[in-house]
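Examining the three-dimensional arrangement
The residues making up each chain are set out below.
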Amino acid sequence: MPVADAAAADSRPIGPRRGVRGVVPPGADTAGPAARTLASRLPGFPWDRLGSAAATAAAHPDGIADLSIGTPVDPVPAVIQDALKAAADSPGYPLTRGTRALRAAAAGWLARRHGVSVSPDDVLPVIGTKELIAWLPTLLGCGPGDAVSFPALAYPTYDIGARLAGARAVATDEPERTDGAPVRLAWLNSPSNPTGWVLAPARMRDLACWARAAGAVLASDECYLDLGFDATPVSVLHPQVCGPSHDGLLAVFSLSKRSNLAGYRAGFVAGDPALVAALLEVRKHAGMIVPAPVQAAMTAALGDDGHADEQHARYARRRGVLRPALEQAGWSVTHSQAGLYLWAAHPNCDCWESVRVLSDLGILVSPGEFYGPAGVSHIRVALTATDERIAAAAARLRALR
């Protein structure tokens, strides 16, 4: 979620109730133009519903420990800031396809860190991966009569992307068994947001084979690929999964988590050469361009592994503090093999009761319901808070016993 949305989620009042077809702004003519915008297809923004819990948590005498949103809090590494500053005098239009240096850096990172071989020509920068996820169904030409599938527990933007395109949204872990409209686009997310589950390469391989046979695009959101703890995530573009070809496959990568660049809106997509070329053509027409200084910063970030290793170690330490405290207070943590979240359930609480109990302690978390009906018993607890705030949350949890 972009930083602006993250900040607003804690401060905006809970908005009007949404119906099946979305919301019309207060005072708007229900038969007028506003009723026919894309907003009418969308549900309410989930984090608006945390307003009351956020206010309760913020009133804690020792301050709020906000573990509700995966927004980085640690500094942007100096090597990246320096690259951004050096490219600040960029008066001309940047390249939609990205500089050669950026695309080579992305391909180099994939090979060096994840055993994936892609040509720099098959890499395309995007304005943060949430943007691509929301618009990929539209960019691929999905619409009424098509289905877009995504995991049963999932980041809400996959569903939003299907709605924006007018396609049928299907929440399922088995897209190959979907009835009705044919699946044109199937999303994977490993490591998972919210659960931290890591898909086995064999399962990913089966899905790649199915997608190719069905003529579907298999897109893998690999935002947390660098953040394995109890398991080692594998890209859908790895030869162990897809063999020697990337046909029909796209993988989406973000620098928000590994490099603390959520504020820069920096990511890229790679994979099937024909699909990447098609995305480039549409994005050139639409002006979907990453600013030149951000491209320079991305190039520096992807060429430097040291800062990413340091950030991984920070999250590992925070995880080591928070997980046992949560478990000692009565929540069981499941999955959570990788990524920036702990997926937890309490035997005596549904997700909203857990939110309430923890907000009374000054701890704000996300209810699992935000990620699908299967999450109603769980909460998602983010590791993206300072060491001091993580320690404060752990101390409050220990006092709850």
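Quick look at the structure, then.

Rules behind the numbers
- The numbers attached to residues start from 1 for each chain and follow its sequence in the written order.
- Owing to the predicted nature of the model, reporting of local features is limited to residues with pLDDT of at least 70; listing and counting of side-chain atom pairs is limited to 80 or more, with chain, interface and lining totals taken over all residues.
- Excluded from the side-chain calculation are hydrogens and water; included are all heavy atoms of the structure.
- Whenever a carboxyl oxygen of Asp or Glu lies within 4 Å of a side-chain nitrogen of Lys or Arg, that contact is scored as a salt bridge.
- Per the convention used, a helix needs a DSSP run of H or I reaching at least four residues, while a strand needs a run of E reaching at least two, with both numbered from the N terminus.
- To sort residues, take the accessible area from a 1.4 Å probe on protein chains only and compare it with the maximum for the residue type: under 20% means buried, over 50% means exposed, and anything in between is partly exposed.
- What makes a nonpolar core is a set of buried Ala, Val, Leu, Ile, Met, Phe, Trp, Tyr and Cys residues whose side-chain atoms join them at distances within 4.5 Å.
- Contact definition: two residues touch when any of their heavy atoms are within 4.5 Å.
- Only the contacting stretch of a helix is used when fitting its axis, a line to C-alpha atoms as for every element, and angles between N-to-C directions run 0 to 180 degrees.
- Angle categories: roughly parallel below 35 degrees, roughly antiparallel above 145, roughly perpendicular from 65 to 115, and oblique for all the rest.
- Each crossing is labelled by how the near helix is turned from the far one, with a counterclockwise turn of less than a right angle marking it left-handed and a clockwise turn marking it right-handed.
- Gly is placed with the polar residues, together with every amino acid not listed as nonpolar (Ala, Val, Leu, Ile, Met, Phe, Trp, Tyr, Cys and Pro) or charged (Asp, Glu, Lys and Arg).

Glancing now at the pattern of salt bridges. In a structure, side chains of opposite charge can pair up when their charged atoms sit close to one another. For the coordinates displayed, the defined rule picks out 23 salt bridges. Measuring nitrogen to oxygen at the nearest pair gives 3.1 Å for the salt bridge that ties Glu327 to Arg323. Placement of both Glu327 and Arg323 in helix α11 (residues 306–328) is noted, with a separation of 4 residues, approximately one turn of the helix. Among the residues examined, Arg323 registers a relative accessible area of 18% and is labelled buried. The partner of Arg356 in a salt bridge is Asp360, and the shortest N-O contact between them spans 3.0 Å. With a gap of 4 residues between them, Arg356 and Asp360 both fall in helix α12 (residues 351–360), about one helical turn apart. Since its relative accessible area comes to 41%, Arg356 is described here as partly exposed.

Proteins that are soluble and globular tend to have nonpolar side chains buried together. In this structure, Leu218, Val236 and Phe268 are the most contacted members of the largest nonpolar core, which totals 45 residues. If you list the elements that add at least two residues to this core, you get α4 (100–114), β5 (183–189), α7 (201–214), α8 (239–242), β7 (249–254), β8 (267–271) and α10 (292–302). In terms of residues, this core owes the most to one element, α4, which gives 6 residues. What Phe268 contacts, discounting residues up to four positions off in sequence, is Ala106, Trp109, Leu110, Val123, Leu124, Pro125, Val126, Ala251, Val252, Phe253, Leu255 and Leu302. Counting 42 residues, the second-largest nonpolar core is a separate cluster that includes Ala57, Ala65, Leu342 and Val381.

Moving on, we come to the packing of α4 against α10. One can describe the packing of α4 onto α10 by two numbers: an axis separation of 9 Å at closest approach and a directional angle of 25°. It follows from the interaxial angle that α4 and α10 lie roughly parallel. The interaxial crossing formed by α4 with α10 has left-handed handedness. In this structure, α4 uses Ala101, Leu102, Ala105, Ala106, Trp109 and Arg112 to contact α10, whose residues at the interface are Gln295, Met298, Thr299 and Leu302. Along the lines of polarity and charge, the residues of the contact of α4 with α10 split into 7 nonpolar, 2 polar and 1 charged.

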